[in-house]
Amino acid sequence: MIAIIDYGVGNLSSLNCSIAKVGHESVVTSDPLVIEKADKILLPGVGAFEDAAVKLRNSGMADVVLSQADKGKPLLGICLGMQMLLCSSTELGLTD
């Protein structure tokens with residue numbers, strides 16, 4: 001099962017439907033237990049780095065995603081989600 005991380009940023013329904021269309025099971029979630037049980041993680045995102053980074057941290061999903069990646073679980077960041085895997089950005093000024 002693929003966990004699609006819901007932290008308030010991204011077209012989650014479209015991504016979930018796309019994964020089903022190619023024959024895989026996925027779930028949109030912000031539940032750490034579901035993420036821990038998943039085989040793979042997708043981190044989507046749309047918008048500006050600073051806003052998304054704040055939402056990712058405030059949702060508690062940043063720690064869960066990073067801990068699972070540290071354990072070797074496959075993680076794919078899509079669009080802004082890929083940028084969320086970085087420590088900082090210079091988009092609209094320096095953001096940590």
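Structure shown above.
What comes next concerns the included structure. (Residues numbered from 1 in each chain as written. Predicted model: local features only at pLDDT ≥ 70, side-chain atom pairs only at ≥ 80, totals over all residues. Heavy atoms only, no water.)

**Things to note about the overall build of the protein chain**
Phase 1: In terms of regular secondary structure, the protein chain is built from five helices and four strands.
Phase 2: Each helix and strand of the protein chain, ordered N terminal to C terminal, gives the series β-α-β-α-β-α-α-β-α.
Phase 3: Counting across all 96 residues of the protein chain, residues that qualify as buried make up 35%.
Phase 4: Within the protein chain, counting contacts between residues at least 6 apart in sequence, those at least 24 apart form 76% of the total.
Phase 5: Accessible surface computed for the protein chain: about 5,600 Å², of which carbon and sulfur atoms make up 55%. (Helix = DSSP H or I, 4+ residues; strand = E, 2+ residues; numbered from the N terminus. Buried < 20%, exposed > 50% of the residue type's maximum accessible area, 1.4 Å probe, protein only. Contact = heavy atoms within 4.5 Å. Areas by Shrake-Rupley, 256 points an atom, 1.4 Å probe, with all protein chains shown as cover.)

**A closer look at the environment of K40**
Phase 1: On the secondary structure map, K40 appears in strand β3 (residues 40-43).
Phase 2: Sequence separation of K40 and M1 is 39 residues, and the distance between their C-alpha atoms is 6.8 Å.
Phase 3: Residues contacting K40, with those up to four places away along its chain left out, are M1, I2, A3, K73 and P74.

**A few points about unusual backbone geometry**
Phase 1: Despite not being glycine, C79 shows a phi value in the positive range, around 55°.
Phase 2: By secondary structure assignment, the location of C79 is in the loop between β4 (75-77) and α5 (80-83).
Phase 3: By relative accessible area, which is 60% here, C79 ends up exposed.

**Some points on the pairing of β3**
Phase 1: Direction of pairing for strand β1 (residues 2-5) relative to β3: parallel, over a ladder of three bridges. Pairing of I2 across the sheet is with K40, part of β3.
Phase 2: As judged from the three bridges shared by β3 and β4, these two strands associate in the parallel manner. When the sheet's bridge partners are listed, L43 is paired in β4 with G77. (Pairing = 2+ DSSP bridges.)

**Examining the nonpolar core**
Nonpolar side chains in soluble globular proteins tend to end up buried together.
Phase 1: Counting residues in hydrophobic clusters, the biggest one holds 18 residues, and the most contacted among them are I5, Y7, I35, L56, M61 and M84.
Phase 2: For this core, the secondary-structure elements that each account for two or more residues are β1, β3, α3 (49-59) and α4 (61-70).
Phase 3: Those residues in contact with I5, other than ones at most four positions away along the chain, are L12, T29, I35, I41, L42, L43, P44, M61 and V65.
Phase 4: Within the second largest apolar cluster, six residues are counted, among which are I2, I4, I19 and L42. (Core = buried A, V, L, I, M, F, W, Y, C linked by side-chain atoms within 4.5 Å.)

**Examining the sheet that holds strand β2 (residues 26-29)**
Sheet strands pair by backbone hydrogen bonding; their relative direction is either parallel or antiparallel.
Phase 1: Strand order in the open sheet formed by four strands is β2-β1-β3-β4, with parallel pairing between adjacent strands. In this open sheet, the two strands that pair with only one neighbour each are β2 and β4. The mean inter-strand angle of the sheet, taken between neighbouring strand axes irrespective of direction, is 20°.
Phase 2: Packed onto the sheet, helix α1 (residues 12-21) meets β1, β2 and β3 and runs at close to 165° relative to β1. (Axes fitted to C-alpha atoms, helices over the stretch in contact; angles between N-to-C directions.)

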